[in-house]
Amino acid sequence: MKQYVIFNVGDYSFGVDILEIVEIIKPNKIVKVPSMPQYVEGIIDVRGTSVPVYNLAKRLEIKSKAETQKIIIVELSKFQLGFLVDDVSEILKIEDDKIEKANESIRGIKRKFIDSIARVGDDMIIILDLKSVLTIEEEEQISDMLTENN
C-alpha cells in the first residue's frame, strides 16, 4: 500500500506517489522566461531557490477549470520542478491490488506521462509519472536557464 497525493486538472483526477513530492504551495509571483515552451509558466522563488513551473494542463493538453491553483513541487535528478494544478484534494492510501498498468484505451491525455490507473470505489485516478514529463532536452534547457538565473 502506498500513499498518493490526489489532485485535479480539468475533469481528471490524478495521483502522484507522496514520496515524490517535496511540498505543495499556493502560487506566488511567477516570473516569465523568454524562449520557453508554452507549457512552462516561468520560475518562482522558493526560499531562495529558483523553481521552474510547468502548467500541467497545458503539458497534458487538457483544459484547466480552476480560478485558484496550487503548485506541487517535486525533486528531479538535478533540480526541483513545480507543477501548476487546479486543486489538491486529498492524500489517499491505495492498496497495490487496486492499481493496474494503464492500457492503450486511455485517450485525451499524453500517454507517456501515465504510469498506472487506480480504482478507488467508483472513481478512477490516473497515476502520473512526473519524472517522464521532461524530455532530456527540456531538462538540459531548464538546467541552463536556472544556471543563468542564479
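Not measured: the values here are computed from a predicted model.

1. A short note on the overall build of the protein chain
Of regular secondary structure, the protein chain possesses 2 helices and 11 strands. The secondary structure elements of the protein chain, listed N-terminal to C-terminal, are β-β-β-β-β-α-β-β-β-β-β-β-α. For a compact globule of 150 residues, the expected C-alpha radius of gyration is about 15 Å, and the protein chain comes in at 15 Å, within 12% of that figure. Dimensions of the protein chain, computed from the C-alpha atoms along their principal axes, are close to 45 × 30 × 30 Å.

2. Structural notes on the sheet that holds strand β10 (residues 114–120)
Taken in spatial order, the 6 strands make up an open sheet running β8-β1-β2-β11-β10-β9, and their pairing is mixed. Bordering the open sheet on either side are β8 (87–94) and β9 (99–101), each of which pairs with just one other strand. On average, each strand axis in the sheet is inclined to that of its neighbour by 35 degrees, with strand direction left out of account. In the sheet, strand β1 (residues 2–9) pairs with strand β2 (residues 12–17) via 6 bridges, with the strands oriented antiparallel. Within the sheet, the bridge partner assigned to Asn8 lies in β2 and is Ser13.

3. What to know about the environment of Ser13
Examined against the element boundaries, Ser13 turns out to sit in strand β2. Along the primary structure Ser13 and Val120 are separated by 107 residues, whereas in three dimensions their C-alpha atoms are 11 Å apart. In this structure, Ser13 is in contact with Phe7, Asn8, Met124, Ile125 and Ile126, ignoring residues within four places of it in sequence.

4. Overview of the packing of aromatic side chains
Tallied over the entire structure, the rule returns 4 aromatic pairs. With a centroid separation of 5.8 Å and an interplanar angle of 25 degrees, the aromatic rings of Phe7 and Phe14 are classed as stacked. The buried category is assigned to Phe7, whose relative accessible area is 1%. Judged by centre distance (6.1 Å) and plane angle (65 degrees), the ring pair of Tyr54 and Phe83 falls under edge-to-face. On the criterion of sequence distance, the pair formed by Tyr54 in strand β5 (residues 49–55) and Phe83 in strand β7 (residues 80–85) is long-range, its members being 29 residues apart.

5. A short note on unusual backbone geometry
The phi angle at Arg47 is positive, at roughly 50 degrees, despite the residue not being glycine. Positive phi, normally seen in glycine, also occurs at Glu61, with a value near 60 degrees. Of note, Glu61 is situated in the loop between α1 (56–60) and β6 (70–75).

Thresholds applied
Residues numbered from 1 in each chain as written. Predicted model: local features only at pLDDT ≥ 70, side-chain atom pairs only at ≥ 80, totals over all residues. Heavy atoms only, no water. Helix = DSSP H or I, 4+ residues; strand = E, 2+ residues; numbered from the N terminus. Rg over C-alpha atoms; globule rule 2.2 N^0.38 Å. Pairing = 2+ DSSP bridges. Axes fitted to C-alpha atoms, helices over the stretch in contact; angles between N-to-C directions. Contact = heavy atoms within 4.5 Å. Phe/Tyr/Trp six-rings, centres within 6.5 Å; stacked < 30°, edge-to-face > 60°. Buried < 20%, exposed > 50% of the residue type's maximum accessible area, 1.4 Å probe, protein only.

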